[in-house]
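# Chain and residue survey
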Amino acid sequence: MLCATAMTILGTSFPVSRELTGYPTLTSQAVRYLIAAALLAALVRRSAGRAPYRRELLRLAGLAATGLAAFNVCVLAALRHADPAVLGTVIGGTPLLLAILGPVLAGSRASTWAGPVRRRSRRGAPGRRRPSARVVGCGAVVVAGIALVQGGGHASAAGLCWALGALAGEVLFSLLAAPLLDELGPVRVSAWACALAVPQLAVAALVTGEWHRLRVPTAAEGVALLYLAVVLTVVAFLCWYGGLRRLGVERAGMFAGLLPVASLAGTAVIDHTAPAPGALLGTLVVAAGLGAGLAVDWAGPSATATDQAPVPVGPVGSEPAGAAPVEEARSAARTRSA
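All of these numbers come straight from a predicted model, not from anything done at the bench.

### Let's talk about the overall build of the chain
Broken down by element type, the chain carries 14 helices and zero strands. Secondary structure elements of the chain occur, N-terminal to C-terminal, as α-α-α-α-α-α-α-α-α-α-α-α-α-α. Within the chain, the fraction of its 338 residues that count as buried is 45%. Counting only contacts in the chain whose residues sit at least 6 apart along the sequence, the fraction spanning at least 24 positions is 91%. Roughly 16,100 Å² of accessible area belongs to the chain as shown, and the carbon and sulfur atoms make up 68% of that amount.

### Thoughts on the pattern of salt bridges
Pairing is possible between side chains that carry opposite charge, provided their charged atoms lie close to one another. For the structure shown, the criterion picks out five salt bridges. We note a salt bridge from Asp182 to Arg245, for which the minimum N-O separation is 3.7 Å. In this pair, Asp182 sits in helix H8 (residues 181-208) while Arg245 sits in helix H9 (residues 219-247), placing the two residues 63 residues apart along the sequence. Arg245 gets classed as partly exposed once you look at its relative accessible area, which sits at 30%. Between Glu221 and Arg215 there is a salt bridge, and its shortest N-O distance comes to 2.9 Å. The exposure class assigned to Arg215 is partly exposed, which follows from its relative accessible area of 33%. Through salt bridges with shared partners, a single ionic network connects Arg50, Glu56 and Glu183.

### Some points on the confidence of the model for the chain
Of all residues in the chain, 74% have pLDDT values of 70 or greater, and the mean over the chain is 77. Below pLDDT 50 for its whole length, residues 109-126 participates in 37 contacts with residues either more than four positions away or in separate chains. Low pLDDT (under 50) marks residues 298-327, which in the prediction has 18 contacts with non-local residues, meaning those over four places away or in another chain.

### Thoughts on the nonpolar core
Grouped together as the largest cluster of nonpolar side chains are 64 residues, with contacts concentrated most on Leu63, Leu68, Leu87, Val189, Trp240 and Tyr241. For this core, the secondary-structure elements that each account for two or more residues are helix H1 (2-17), helix H2 (25-46), helix H3 (54-79), helix H4 (84-91), helix H7 (157-175), H8, H9 and helix H10 (249-253). Not counting the four nearest positions on each side in its chain, Tyr241 is found in contact with Leu63, Phe173, Ala177, Leu181, Pro186, Val189 and Ser190.

### Observations concerning H4
Most of H4 sits out of view: eight of its eight residues are buried. Buried within H4 we find Pro84, Ala85, Val86, Leu87, Gly88, Thr89, Val90 and Ile91.

### Considerations on the side chain of Arg32
Mapped onto the fold, Arg32 is located in helix H2. Excluding residues that lie within four positions of it along the chain, Arg32 makes contacts with Asn72, Leu225, Leu228, Ala229, Leu232 and Thr233.

### Section: the environment of Arg134
Considering the arrangement of structural elements, one finds Arg134 in helix H6 (residues 133-152). Owing to a relative accessible area of 46%, Arg134 belongs among the partly exposed residues under this scheme. Considering only alpha carbons, one finds Arg134 and Ala292, 158 residues apart in sequence, at a separation of 8.6 Å.

### Some thoughts on the environment of Ala204
Among the secondary structure elements, Ala204 is positioned in helix H8. Linking Ala204 and Thr27, residues 177 residues apart in sequence, is a C-alpha distance of 9.0 Å.

### Structural notes on the side chain of Thr94
Mapped onto the fold, Thr94 is located in helix H5 (residues 94-104). For Thr94, the side chain forms a polar contact with the main-chain oxygen of Ile91, separated by 2.6 Å. Every residue in contact with Thr94, bar those within four places of it in the chain, is listed here: Leu167, Glu170, Val171 and Ala256.

What counts as what
- Residues numbered from 1 in each chain as written.
- Predicted model: local features only at pLDDT ≥ 70, side-chain atom pairs only at ≥ 80, totals over all residues.
- Heavy atoms only, no water.
- Helix = DSSP H or I, 4+ residues; strand = E, 2+ residues; numbered from the N terminus.
- Buried < 20%, exposed > 50% of the residue type's maximum accessible area, 1.4 Å probe, protein only.
- Contact = heavy atoms within 4.5 Å.
- Areas by Shrake-Rupley, 256 points an atom, 1.4 Å probe, with all protein chains shown as cover.
- Salt bridge = Lys/Arg side-chain N within 4 Å of Asp/Glu carboxyl O.
- pLDDT = per-residue confidence, 0-100.
- Core = buried A, V, L, I, M, F, W, Y, C linked by side-chain atoms within 4.5 Å.
- Polar contact = N/O pair within 3.5 Å; in protein donor to acceptor, adjacent residues only side chain to side chain.

If you want it as structure tokens, here you go:
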């Protein structure tokens with residue numbers, strides 16, 4: 001439910017973001033993350049935890065630069081050259097990339113399941129494995145759906161390039177944050193990422209000279225900024241990182257399949273127009289392909305029962321539960337071999 005809510009909010013935010021295409025991009029995003037960081041800071045003060053270490057700060061800075069700042073710059077730039085449904089469909093390819101990168105990064109902390117039930121120890125974590133054939137098939141369906149949306153919607157070459165940049169930012173938004181969620185929690189990861197994104201965007205606005213075009217936002221732009229800051233950033237970030245912490249990168253990433261559907265629905269509601277048949281069909285094809293990926297066995301064919309269940313742990317200093325029967329079985333095997 002957390003992941004589905006986050007992706008629905010993100011998908012419906014694309015038509016809302018169109019209100020900001022005429023406002024200075026870097027400045028609007030700096031204001032957005034400043035508001036979100038202030039709200040999240042209030043939540044941080046009420047929760048227990050620690051500040052990030054230096055290495056964690058570097059990862060958070062990379063997350064802020066790619067998954068937040070660059071992602072939103074690409075989104076706003078893409079919306080100037082493409083329909084929101086096209087943008088939502090391209091970013092809807094996130095599950096495919098996460099499903100491919102997950103097996104490649106298997107064994108690292110970023111790709112293990114971090115939930116309390118499916119927690120894996122370093123000893124039981126699988127090694128690297130190849131993506132399954134089913135994942136490749138789902139990817140082919142996604143590509144076909146994107147082609148259908150492109151045929152029914154509007155997107156220039158520049159719009160598709162910006163959309164692909166947004167896709168990369170969305171993937172890094174999960175991959176860079178996953179190793180930090182156990183130690184810092186969703187609230188602190190979101191708060192620090194937003195806080196670090198503000199100076200990055202402000203410096204970029206100064207370097208590019210965008211600050212010369214700074215002005216008071218219109219009523220529509222102000223409402224859009226508040227929606228993006230409160231609903232998309234605070235609420236959706238906490239929902240997504242909360243679900244990502246429980247499900248892991250590969251399984252949570254599949255819920256990005258809701259993006260094109262939410263984007264198309266949001267555009268139809270805001271514009272009071274029915275979606276084009278080609279865009280509607282393409283979005284449904286993408287959703288079907290990504291939905292089929294939810295049935296993939298992420299544990300892989302080589303996973304064992306030991307990998308799939310947590311090892312019972314007894315009191316400190318005692319042997320793990322079930323150790324004695326295991327040793328008895330090994331002794332019996334050695335006796336039979338002798």
